[in-house]
Amino acid sequence: MASFVAEVLASSGKLEKEDLSGKVSKMSRKVEDTKEEVCEMINKRYSDFLPTLQGSEDLMVQVETVSKEMDALKTCIETEVRPNIHMAVAEYTKLKQQLEKNTVIITMLGHLKEFHSAMEEFNKALQEKKYVDAANQLERARDNVDSLKSWKISQLPLLSAINSELTVQRENLIYHLGDEWKRLVIWTLPSSKGKTSSENLLKMCQMLIQYFTNYSRNLLSLGFCCCPGQVLLKNMLKPLVMYASLSVRVTEQQDEGTILALQCLEESHEERSAPSQVYSKLLLVLKTLLLLCCFSDVSIGDKKLSAILGELIWEELSRCIIHECLVHSIPTNSSQLEKYNTVIKETEDFEKSLKEMEYLHGDSTDLLKYARDVNCHFASKKCKDVIVAARKLMTSKMHNTVKITPESKLRLPKLPAPSSEVKVKQDIVKEEAMMENSKQLSAWSLRLPACRISESVQQLMELALNTLCEAVGSSTQCALQLFFTVRNIFQLFYDVVPTYHKENLLKFPHLAAIQHNNCMYLAHHLLTLGHHFRSHLPNPLSDGVATFVDMVPGFRKLGAQCFLTQLNVQRAELLERLSTAHNFCNLDDEDNYIAASKAVRQVIHQLKQLGTVWQDVLPVGIYCKAMGNLLNTAITEVIAKIMMLEVCSRWAEKKELNRC
């Protein structure tokens, strides 16, 4: 309906007039607004321009003034302040160094003051016999001296004097403590004349300990460690370890105190004490001291007196127990090793008792470690004894001999049956050998021919066999050590015998022949010695390491060279005797005849002597070859000299033939 009305009005012209009027009014308002904005803009741009410009100029003047002031200040700083700053820094550094020096001096003076006051208190306490206070003051003085040393002024003469004074006063305190100990603990020692033995030196050794008051117990905390502790170790503890005939006697006297005395048993045939006896004697002494002196109640700092005493004497005491007791208790036979567990248990109980009495702290000590390593010590001791015995046999006389026949055999010990694995291996090897060789060697194969060898060499081989038997059933380490000790025995024979008996081997043909037989005897048995024991030894010996075959060529060569050297000596003597025959010329001359006859007789005598010496010693084959070689040398020399003659009469030929 409205649109229709509008259309009617528009057609009449009335509506168009009203729209124009509205548009004009709107435009008028916009013009006014634009006018106001233009006026405002013109006012801001032109009316306020001069004040703004004037403000900017004032600011520029102010900026220039400030800049000039800054330049003047900068110039002042550069010309006046900066040099003064360097001077101020240098002065500050100097003042700082002076302050540090003064601080050090004040600190040193403080330590010196403390040292002086401590020494005064020390002297006062020493005069009053307050030894605990004196010791504390001396410790305080020593701390101050140590503090002075930390300042790196050890070259200062004053410090040297202070050290000397501290040492003097320390020795002075020890001296006074010694006097007090002489009063409190009385040692009665025998005269130093005569031999040092349990019978005449230690029979009268005794220690008288009086009943201690609280004062004397405090004295113990300082003096026992420096004086009586070492006396106790020297005069009582060590003798109890070293001499089996000594025993401890504890008696009490009503007015005098308790006596610890060493007394010598009248009948004692033992050279060394058993570990259990040594431990019981030592524990008796240490328990008595613990009860009488109340070591567990006296402390120095955080440590009790018993612990301090143990630290001072234990190292030397344990070393004495090891060298004088445990070393001699180590078994000499592997069958006795199991019994040694008792000694290990006794050693553990001994250390446990010491720990309960607080003489000892920590885990196992060197003493217990030594006892537990019995296998290693047994092997070392056994090896040492074996080497000593072997060397004694090698340096003994060689002419004591025994007869060896093809029927002679080594007395091999009966060994335990090998393990199942080793037995299977042996059966396989035997089956393979039977399959490869249908024909077996005779019973006389690899037999040593009849000859004579040194008795010492036979004993040496028995020693090696016994040592290898000890290795059977032992631990791996022990077995290895014993096995290689046996190898060392034979290597020692190879090196020692030719050198030790060198002159006799060159001088006496009998000994050279015996040495030849000795070497061949050892080489013969070394071929099978390792094979006999191999399956009974632990790895790696059972895997092929246990062998002596590599030493066989060396022994054979050694024996052959020794005998060949003697043959050369005998050959040279034969030629030397034949050289006196004047080349068998002019035998019609009586002198030449006598000389030739004498030379031939000497050669024959020498050969007879060698035959007598060697016939019962050397094997038949070697004997025949040696004598044939020497006889051939003599005959060849005689024939050569005769063939050199230019003319030989029938009579001379006849004589010569008769001579030969």
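Residues numbered from 1 in each chain as written. Predicted model: local features only at pLDDT ≥ 70, side-chain atom pairs only at ≥ 80, totals over all residues. Heavy atoms only, no water.

- The protein is annotated in an unreviewed UniProt entry as Zw10 kinetochore protein of Amphiprion ocellaris.

1. As for helix α20 (residues 620-643)
- The end-to-end C-alpha distance of α20 is 34 Å, a good match for the 34 Å that 24 residues give at a rise of 1.5 Å each.
- Those residues of α20 not exposed but buried are Tyr-623, Ala-626, Met-627, Leu-630, Thr-633, Ala-634, Val-638 and Lys-641.
- On the buried face of α20, the contacting elements are α18 (552-578) and α19 (590-615). (Helix = DSSP H or I, 4+ residues; strand = E, 2+ residues; numbered from the N terminus. Expected span 1.5 Å × (residues − 1). Buried < 20%, exposed > 50% of the residue type's maximum accessible area, 1.4 Å probe, protein only. Contact = heavy atoms within 4.5 Å.)

2. Brief notes about the side chain of Gln-137
- Mapping Gln-137 onto the fold places it in helix α4 (residues 131-149).
- For Gln-137, the residues in contact, after removing those within four places along its chain, are Ala-118, Glu-121 and Phe-122.

3. With respect to the state of the cysteines
- Evaluation of the coordinates by the stated rule reveals zero disulfides.
- In this structure Cys-562 is a free cysteine whose sulfur lies 6.9 Å from that of Cys-519, the closest cysteine sulfur available. (Disulfide = S-S within 2.5 Å.)

4. With respect to the pattern of salt bridges
- One pass over the full model with this rule turns up eleven salt bridges.
- Close ionic contact of Glu-316 with Lys-238 constitutes a salt bridge, the shortest N to O distance being 2.5 Å. Linking Glu-316 in helix α9 (residues 305-329) with Lys-238 in helix α7 (residues 228-242), this pair joins segments that are 78 residues apart in sequence.
- Across the salt bridge formed by Asp-349 and Lys-345, the nearest N and O atoms sit 3.1 Å from each other. Here Asp-349 pairs with Lys-345, and both are found in helix α10 (residues 341-356), just four residues apart, close to one helical turn.
- For Asp-349, a relative accessible area of 35% corresponds to the partly exposed category.
- Judged by its relative accessible area of 46%, Lys-345 is partly exposed.
- Linked through salt bridges whose partners overlap, the residues forming this network are Lys-403, Arg-452 and Asp-616. (Salt bridge = Lys/Arg side-chain N within 4 Å of Asp/Glu carboxyl O.)

5. Section: the confidence of the model for the protein
- Residues with a pLDDT of 70 or more make up 72% of the protein, whose mean pLDDT is 76.
- Helix α6 (residues 214-223) is the least confidently modelled element of the protein, averaging 44 in pLDDT, while strand β8 (residues 451-454) averages 92, the highest of any element.
- Note that pLDDT drops below 50 for residues 12-17; the model gives that stretch four contacts with residues more than four away or on any other chain.
- In this model, residues 192-206 is a region of pLDDT below 50 whose contacts with residues beyond four sequence positions or in other chains number 41 contacts. (pLDDT = per-residue confidence, 0-100.)

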